[in-house]
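Tertiary structure, described
As a plain string of letters, each chain reads:
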Amino acid sequence: MHLRNLIPAFPLAVAAAFALSGALSGTAQAAGTVAGTNINNTATVNYSVGGATQTPVTSNTATFVVDRKVNLSVTEVGGATTTISYGSTNQVTTFQVTNLTNATQDFRLVASQQLSLALTLLGLTDNMDMSNVRVFVDANNNGTYEAATDTATYIDELAPDTSKTVFIVADAPASGAANGTAGVGLTAISAAGGTAGTLGSDLVATVGADNPATVDIVFADATAGPLDAAYDGKQSALDAYAVASTTVTFAKTATIISDPVNLTTTPKAIPGATVEYCLRVSNTGLNAATGLTITDAIPANTTYVANSLYVGGSVVSTLCLADGTHYNDTGAAGSGATMGGTADGTNVTAYIPTLAAGVTTTARFRVTLN
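As a starting point, this report considers the structure included with it. (Residues numbered from 1 in each chain as written. Predicted model: local features only at pLDDT ≥ 70, side-chain atom pairs only at ≥ 80, totals over all residues. Heavy atoms only, no water.)

1. Considerations on the overall build of the protein chain
When helices and strands are tallied, the protein chain shows two helices and 28 strands. Per-residue burial over the protein chain gives 42% buried out of 370 residues. With the model as given, the accessible surface of the protein chain reaches about 17500 Å², and the carbon-plus-sulfur share is 56%. (Helix = DSSP H or I, 4+ residues; strand = E, 2+ residues; numbered from the N terminus. Buried < 20%, exposed > 50% of the residue type's maximum accessible area, 1.4 Å probe, protein only. Areas by Shrake-Rupley, 256 points an atom, 1.4 Å probe, with all protein chains shown as cover.)

2. Some details on the sheet that holds strand β8 (residues 72-76)
Taken together, the four strands give an open sheet; going across it, the order is β8-β10-β14-β12, and neighbouring strands pair in antiparallel fashion. Strand pairing shows two members of the sheet lacking a second neighbour, β8 and β12 (131-137), which therefore form its edges. Strand-to-strand twist across the sheet, computed as the mean angle between neighbouring axes with direction ignored, equals 20°. One ladder, built from five bridges, connects β12 with strand β14 (residues 163-171); its direction is antiparallel. Residue S131 lies in a different strand from β14, and its bridge partner there is D171. (Pairing = 2+ DSSP bridges. Axes fitted to C-alpha atoms, helices over the stretch in contact; angles between N-to-C directions.)

3. A few points about the pattern of salt bridges
Any two side chains of opposite charge can pair, on the condition that their charged atoms come close. Scanning the model with the defined rule gives five salt bridges in all. Its salt-bridge partner being R108, residue D202 comes within 2.6 Å of it at the nearest N-O pair. A residue pair is termed long-range when its members are at least 10 positions apart, and D202 in the loop between β15 (181-192) and β16 (217-219) and R108 in strand β11 (residues 105-112) qualify at 94 residues. Take D202: its relative accessible area is 34%, and that puts it in the partly exposed class. (Salt bridge = Lys/Arg side-chain N within 4 Å of Asp/Glu carboxyl O.)

4. Section: the state of the cysteines
Evaluated as defined, the whole model comprises one disulfide. Each sulfur in the disulfide pair C278 and C320 lies 1.9 Å from the other. Handedness of the C278-C320 disulfide follows from its S-S torsion of about -90°: it is left-handed. Of this pair, C278 sits in strand β19 (residues 274-283) while C320 sits in strand β24 (residues 319-320), and the two are 42 residues apart along the sequence. Side by side, C278 and C320 carry an identical accessibility label, which is buried. (Disulfide = S-S within 2.5 Å.)

5. Notes on a nonpolar patch on the surface
Taken together, the side chains of V45, Y47, V49 and V57 present a nonpolar region at the surface, about 330 Å² in accessible area. Within the secondary structure, V45 sits in strand β2 (residues 44-45). (Patch = residues over 30% accessible without salt bridge, like charges linked within 9 Å, V, L, I, M, F, W, Y side chains within 5 Å.)

None of this, on its own, says anything about what the molecule does.
Okay, structure coming up:
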């Protein structure tokens with residue numbers, strides 16, 4: 001998931017796998033009756049003696065306390081990697097933690113890296129690590145990481161059937177593979193609630209027979225997440241940082257279009273001949289390249305043919321086709337935000353705002369051989 005406006009496409013299969021990693025992090029169920037609730041019950045027996053109705057007899061009150069059914073879910077938010085560049089800092093991946101326990105809970109939060117095996121399940125290759133990895137909780141519930149606001153490192157007093165957004169924040173390495181990917185995972189660990197502003201201790205499942213007078217703890221997270229086991233009071237999900245880099249190749253050909261003697265039939269490079277230059281730019285990487293500017297100096301001993309510039313053409317094999325958009329010599333194009341081209345007799349400049357991965361496009365112009 002800089003070069004920052006070189007955004008990688010996120011394969012549908014991988015997006016589905018991220019969704020699956022969230023789905024595997026716990027089944028969303030209503031928390032139910034709050035733990036610690038006293039369930040009281042009495043019974044009454046009515047009877048008669050010799051046809052005379054007697055005073056009903058009431059039993060003692062049977063009492064038990066509702067135990068804590070611990071469950072939670074952790075899901076990755078967005079279904080895509082976070083796109084970064086080498087050397088960038090405070091890069092964010094986003095998760096959601098939901099309390100499915102029938103009690104208010106704290107949650108201890110742990111970030112993980114070096115997830116090669118887990119990421120393989122998502123179709124990604126983990127070939128780099130982030131640094132300065134931190135976890136923060138969304139304080140104002142706006143879904144956006146704000147360094148001055150989102151400073152809590154654990155979830156405090158989360159009510160049943162409510163959620164909190166959690167951010168993993170990390171710095172990218174200074175350099176690395178052309179298409180580096182760093183997998184990260186978030187694990188939420190159920191902890192005791194009840195004291196605001198303090199992270200409770202990790203919950204421990206009750207062993208042995210039920211004690212009707214106390215709140216026993218039962219781990220109900222039946223499905224393991226990618227970084228945790230079933231029935232352990234934890235859930236996890238994966239996300240990834242992806243370096244947005246790509247590879248652009250560039251080639252130029254010269255084709256004799258006509259000459260004063262042979263015209264267009266087997267023309268030769270003699271004085272007066274018209275030559276077409278075709279500049280082919282190809283994106284052979286995995287991500288889009290943006291803001292391309294092609295500059296070509298008019299060769300010595302030639303004269304630019306006025307208004308002969310075409311940009312955005314196509315190729316068959318290495319053959320430049322006679323297409324593209326025609327631009328006159330003063331055609332405005334800015335700095336690459338929109339496609340365009342200009343020529344001043346000395347240089348020809350073409351602007352291509354976006355070149356998708358796997359695409360080749362062209363800029364063409366003509367000169368006359370002096």
